[in-house]
Each structure stands twice: as structure tokens, then as C-alpha cells.
Amino acid sequence: MIRLFATLLRRDLARLLGSGQGGGALLPILFFLAVAMIYPFAVGPDAPLLARTGGGVIWVAALLAAILPLDRLVEPDLERGMFDQWALRGISEEWVIAVRVVSHWLSFGPPLMLAALPAGALLGLSGAHLRTVELGLLAGTPGLAALGVAVAAITAGLRGGAALAGLLVIPLGVPLLIFGAGSLSTGGDSGVALTGAVSLVLLAVAPFAGGAAVRAARD
Amino acid sequence: MQGAHIAVHDLACRRGDRVLFRGLSFALNAGEALQVTGTNGTGKSSLLRLVAGLARPFAGSVARHGAVGLVDERPALDPELPLERALAFWRGLDGRTPVDLDALGLADLLDVPVRYLSTGQRKRAAMARLLGQRAEVWLLDEPLNGLDVHAAALVERLAAAHCREGGVLLIASHQPFALAGMREVALADFAP
């Protein structure tokens, strides 16, 4: 079981982090930084306003950046027949999707949290504020990863699936956004805890939703 | 590899709202081989997916005993990886059975990314993946597509060896496949 997990995770990480396919993990991070960077251009150099709204902008940028890698998460493996070969070996779709959630988070969550540091500096966030943003991202990005993989599985094989996936992730990501960005105005850990709770629900549901979707796409 | 077995009973297959075949029954015991023939679109590939358990039958039942290995038009090898690493992924899952890549003519292609391989080379790579799996039941979908004469003879030899060792072989192909003792079923006879 451990060996299976390690084998799948190693391949997933090589694929998701690899530079060969459309920029790998770097592209969403650059996109995230670009959004944080153009925001001051749009609202002007008003430091108090930027500091007050900056945390929310970081959250919106994170949600948008989470959409970018969606079409690479499940569809290629479905097209290549990998899921068929796994099924023949008795490796369930749920198990593959669960590993995919872990690898997607590893290639997306920590780099995003790292990129939030320069983004926070650009927006002039205070130290305490930035700490809350980082904690919120730590609690929220696993949920975003789970949501992303599940939606990618549901839309895999559909025509125009990539655009549909983006449209699905945004409303379903709203609870994460409300609690995550909400923790900034209350300044408290309760918002972070609620973000974590939403994340846990998404993490629990994603493998089963994604697995069922892959099986349905095969028929 | 003893005890491998497939039994198909009164099987019907539907794609969309069209029934492709119905009333198909056959049984294959250890060491037996069957070729399913038919023109394009008669449901050969669908039959293999039904037997593999990757699709649900419209009617009837499929019973199988033994691990199933499937080779279809998709090699299930990561196109961006060199062939050696793409095969190594499956070796990591299937256990480290040594596969004679030299005999398959793949030995000097190991550092070539899979996406640069030709159709025939991909087919041979998929056969290497299948051999590493040590599956008792082989399902081969158009195994000779894109293969030159030598490679086709090689695949026929591999199939014969598989049956000699007690494996079960089900081939879907419109091309003749030379294998002593192989039965043949024309899927067109079961069209509704």
C-alpha cells in the first residue's frame, strides 16, 4: 500500500512540477503574483486602502490561480488510458484521486504560500495581517486542491471542460473565500479554523466524487 | 498461471442507443485462445472492455478468473517521458519482472520520449508493459496494427508462449493472426 502510494505520488509530482507541460507549477504562481501586482495599478497608490483590502485580493488571486492547472489534473490520464490500466490492477479510482489531491496540493499550496510573501509586501500588509493570510492559506489551499481535482475529474472528457471547470470551482470555492478572507477582518483564528473545516469537508468528499466521475466518464 | 478462465454468457453490448451485438457466449480455459473478427464498428473493442470489466454489459454476464492485461490503441505510457522511465512506472506497480526489451526491439529506444515513437514502436512498448504485468488473461485489441512483418511474428510468438504457459488470450482484430489452435468468432453473426 505504501509502495503504491509512493509510486503514484512520485509520478504525479514529476508530472505536475515538471517543466515540460505548459510551465508546470510555476505558471499559476506567476499568475497569482501578477494579479497581486496589477491591483495597486488599478486602485492607485493609497497605502491604507491597499493594506485594508490586500488580504482579500490575495485570496481572490489564489482562487483564480487554482483554476489554471485544472485541465492537466485528470483529463490527460483518462485520455492515455492510465485509469483503465490502474483499474485492471485493482487500484481504485478513489485511491488515485486521493493521491492526486495530495500531489496537487504539494505542487500548488506551498509555492502559493511562498508567493504570498512578496505579494503581501507589494500590497503593504502588516506583519500580523500577513501572518493571518498565511495561516488562512495553509488551512484553505488543501480544500482548494481537493475541489480542483474533483471538478477536474467531473469535467474530464466533456467538450469545453476546461472553461466549465473554472466556472464550477469559483462558486464552490466561495465558502473557503468567505472564511479565509473573513478571518482578516475579524483578525481571529476562528475564521482560519472555519476555513480548515471547509477544507476537511472538501478533502473527505473529493476522492469519492472524483472516483465516481472517472468511472462515469469511462462508460 | 493455472486456473485462468473467462466465461461470457449471453452478452449484449450497447453504444449510445445502438445495440452492437447480442447473445454472445463463449468460454476460454487455461491455454486457450480466441480471435474476435469483424469489420470496423462491430464492437470488437467494446467486447474487450466488457470482458476486462471496464464497461458494464447491456445484458448478460462476464466471469473471469486471473489478472487481466489489456493492450489497446493507447499505450498508457506518459508521452513526455523517455521510454525507460515510462515503463519503469508500471514496473514499480507490477513488480520487477525482467522483460527482454532487446527481443522487442526496444533496447536502443529507451532514452527516446514516448511521443516520438512510431505507432509500431508504441505497440511494442505496450507489449513490454503487458509482459511485465504477468497477467493470466491477455486482451489484445488490434495487436498487429502498425507492426512490421518481424514485429508481427514476434507478437504471435509471444502470444503462443503465453498460451503454452496456461494463459488465456482474447484477440480482437480484423487482421489474420497466426496462432495454432486458436478459435475464431465473427462478431457480425451476433449483430441484432
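Rules used in this analysis
- Residues numbered from 1 in each chain as written.
- Chains lettered and ligands numbered in written order.
- Predicted model: local features only at pLDDT ≥ 70, side-chain atom pairs only at ≥ 80, totals over all residues.
- Heavy atoms only, no water.
- Helix = DSSP H or I, 4+ residues; strand = E, 2+ residues; numbered from the N terminus.
- Rg over C-alpha atoms; globule rule 2.2 N^0.38 Å.
- Buried < 20%, exposed > 50% of the residue type's maximum accessible area, 1.4 Å probe, protein only.
- Contact = heavy atoms within 4.5 Å.
- Areas by Shrake-Rupley, 256 points an atom, 1.4 Å probe, with all protein chains shown as cover.
- UniProt positions renumbered as here; feature names shortened; annotations may be inferred.
- Phe/Tyr/Trp six-rings, centres within 6.5 Å; stacked < 30°, edge-to-face > 60°.
- Lys NZ or Arg CZ within 6 Å of the ring centre and 35° of its normal.
- Pairing = 2+ DSSP bridges.
- Core = buried A, V, L, I, M, F, W, Y, C linked by side-chain atoms within 4.5 Å.
- Axes fitted to C-alpha atoms, helices over the stretch in contact; angles between N-to-C directions.
- Buried area = accessible area lost by both parts, 1.4 Å probe.
- Salt bridge = Lys/Arg side-chain N within 4 Å of Asp/Glu carboxyl O.
- Polar contact = N/O pair within 3.5 Å; in protein donor to acceptor, adjacent residues only side chain to side chain.
- pLDDT = per-residue confidence, 0-100.
- Patch = residues over 30% accessible without salt bridge, like charges linked within 9 Å, V, L, I, M, F, W, Y side chains within 5 Å.
- Lys, Arg positive; Asp, Glu negative; His and termini not counted.
- Charge placed at Lys NZ, Arg CZ, Asp CG, Glu CD.
- Left-handed = near helix turned anticlockwise from the far one by under 90°.
- Nonpolar A, V, L, I, M, F, W, Y, C, P; charged D, E, K, R; others polar.

Section: the overall build of chain A
Line of reasoning, step 1. Counting its secondary structure elements, chain A contains 10 helices and 0 strands.
Line of reasoning, step 2. Listing the helices and strands of chain A from first to last along the sequence gives α-α-α-α-α-α-α-α-α-α.
Line of reasoning, step 3. For chain A, whose C-alpha radius of gyration is 18 Å, the value lies close to the compact-globule estimate of 17 Å for 219 residues.
Line of reasoning, step 4. Here the C-alpha coordinates of chain A stretch approximately 60 × 35 × 30 Å along the principal axes.
Line of reasoning, step 5. Across the 219 residues of chain A, 53% fall into the buried class.
Line of reasoning, step 6. At a minimum sequence separation of 6, the contacts of chain A that also span at least 24 residues come to 80%.
Line of reasoning, step 7. Split by element, the accessible area of chain A, about 9200 Å² in all, is 75% carbon and sulfur.

Observations concerning the UniProt feature "transmembrane region" (unreviewed entry) in chain A
Line of reasoning, step 1. The positions that UniProt labels "transmembrane region" (unreviewed entry) are, in the present scheme, residues 21-42, 54-74, 95-117, 137-158, 165-185 and 191-214 of chain A.
Line of reasoning, step 2. Helix and strand shares over residues 137-158 of chain A are 86% and 0% respectively, and the end C-alpha atoms of the span are 31 Å apart.

A closer look at the packing of aromatic side chains
Line of reasoning, step 1. If you walk through the whole model with that rule in mind, you get 5 aromatic pairs over all chains.
Line of reasoning, step 2. A network of ring pairs unites the aromatic residues F83 and W86 of chain A together with F89 and W90 of chain B as a single cluster.
Line of reasoning, step 3. The ring centre of F89 of chain B lies 5.3 Å from the NZ or CZ of R11 of chain A, which sits over that ring.

Some details on the pairing of strand β7 (residues 168-172) of chain B
Successive residues of a regular strand alternate their side chains across the two faces of the sheet.
All names here are of chain B.
Line of reasoning, step 1. Across the 5 residues that make up β7, a large majority, 5, are buried.
Line of reasoning, step 2. Alternating positions in β7 separate into two faces, V168, L170 and A172 on one and L169 and I171 on the other, with burial throughout.
Line of reasoning, step 3. Pairing of strand β3 (residues 33-37) with β7, which is carried by 4 bridges, proceeds in the parallel orientation. Counterpart to L34 in the pairing with β7 is L170.
Line of reasoning, step 4. Bridge count between strand β6 (residues 137-141) and β7: 5 bridges; the pairing is parallel. Pairing of W138 across the sheet is with L169, part of β7.

Concerning the nonpolar core
Line of reasoning, step 1. If you look at the biggest cluster of nonpolar residues, it comprises 98 residues, and the most contacted ones within it are F32, V74, W86 and L137 of chain A together with L83, M127 and L169 of chain B.
Line of reasoning, step 2. The element best represented in this core is helix α7 (residues 127-155) of chain A, accounting for 11 residues.
Line of reasoning, step 3. Excluding residues within four positions of it along the chain, V74 of chain A makes contact with F83, I97, R100, V149, A152, A153, A156 and V214 of chain A.
Line of reasoning, step 4. One finds L88 of chain A together with A4, V68 and V168 of chain B within the second-largest nonpolar core, a separate group that totals 28 residues.

A word on the sheet that holds strand β8 (residues 183-186) of chain B
All names here are of chain B.
Line of reasoning, step 1. Strand order in the open sheet made by the 5 strands is β5-β6-β7-β3-β8, with parallel pairing throughout. Both outer strands of the open sheet, β5 (68-71) and β8, are each paired with one neighbouring strand and no more. Recorded for the sheet is a direction-independent mean angle of 15° between the axes of neighbouring strands.
Line of reasoning, step 2. Relative to β8, β3 is paired through 4 bridges, and the arrangement is parallel. Looking at the pairing, L34 lines up with R183 of β8.

Thoughts on the interface of chain B and chain A
Line of reasoning, step 1. Of the residues lining the interface, 22 residues belong to chain B; the matching set on chain A comes to 21 residues.
Line of reasoning, step 2. Regarding the contact of chain B and chain A, the summed buried area is about 1900 Å², with carbon and sulfur atoms giving 52% of it.
Line of reasoning, step 3. Joining chain B to chain A, the criterion identifies 6 salt bridges.
Line of reasoning, step 4. The partner of D84 of chain A in a salt bridge is R49 of chain B, and the shortest N-O contact between them spans 2.9 Å.
Line of reasoning, step 5. Put simply, chain B and chain A have 12 residue pairs in polar contact (both at pLDDT 80 or more) between them.
Line of reasoning, step 6. Counting only elements with at least two residues in the side of chain B that touches chain A, the list comes to α1 (44-52), β5, α2 (83-94) and α3 (119-133) of chain B.

Remarks on the confidence of the model for chain B
Residue and element names in this part refer to chain B.
Line of reasoning, step 1. A residue-level look at chain B finds 99% of positions with pLDDT of 70 or above and a mean pLDDT of 90.
Line of reasoning, step 2. Within chain B, β6 carries the highest mean pLDDT (94), whereas β8 carries the lowest (90).
Line of reasoning, step 3. The complex prediction reports pTM at 0.91, with the ipTM value standing at 0.92.

Here we look at a negative patch on the surface
All names here are of chain B.
Line of reasoning, step 1. Taken together, the side chains of E84, D100, D102, D108 and D111 present a region of like negative charge at the surface.
Line of reasoning, step 2. Structurally, the position occupied by D111 is in the loop between α2 and α3.
Line of reasoning, step 3. On the accessibility criterion, D111 (63% relative accessible area) is exposed.

Remarks on the environment of R215 of chain A
Residue and element names in this part refer to chain A.
Line of reasoning, step 1. Relative to the helices and strands, R215 is located in helix α10 (residues 189-218).
Line of reasoning, step 2. Considering only alpha carbons, one finds R215 and L176, 39 residues apart in sequence, at a separation of 28 Å.
Line of reasoning, step 3. Apart from the residues within four sequence positions on either side, R215 is in contact with E93 and E94.

Considerations on the packing of helix α6 (residues 93-122) of chain A against α7 of chain A
Residues and elements named next belong to chain A.
Line of reasoning, step 1. The contact between α6 and α7 brings their axes to 8 Å, and the two run at 145°. Crossing handedness for the pair α6 and α7: right-handed. Across from I97, R100, V101, H104, W105, F108, G109, L112, M113, A116, L117 and G120 in α6, the residues of α7 making contact are L130, E134, L137, L138, T141, P142, L144, A145, A146, V149 and A153.
Line of reasoning, step 2. Split into classes, the residues belonging to the contact of α6 with α7 amount to 17 nonpolar, 4 polar and 2 charged.

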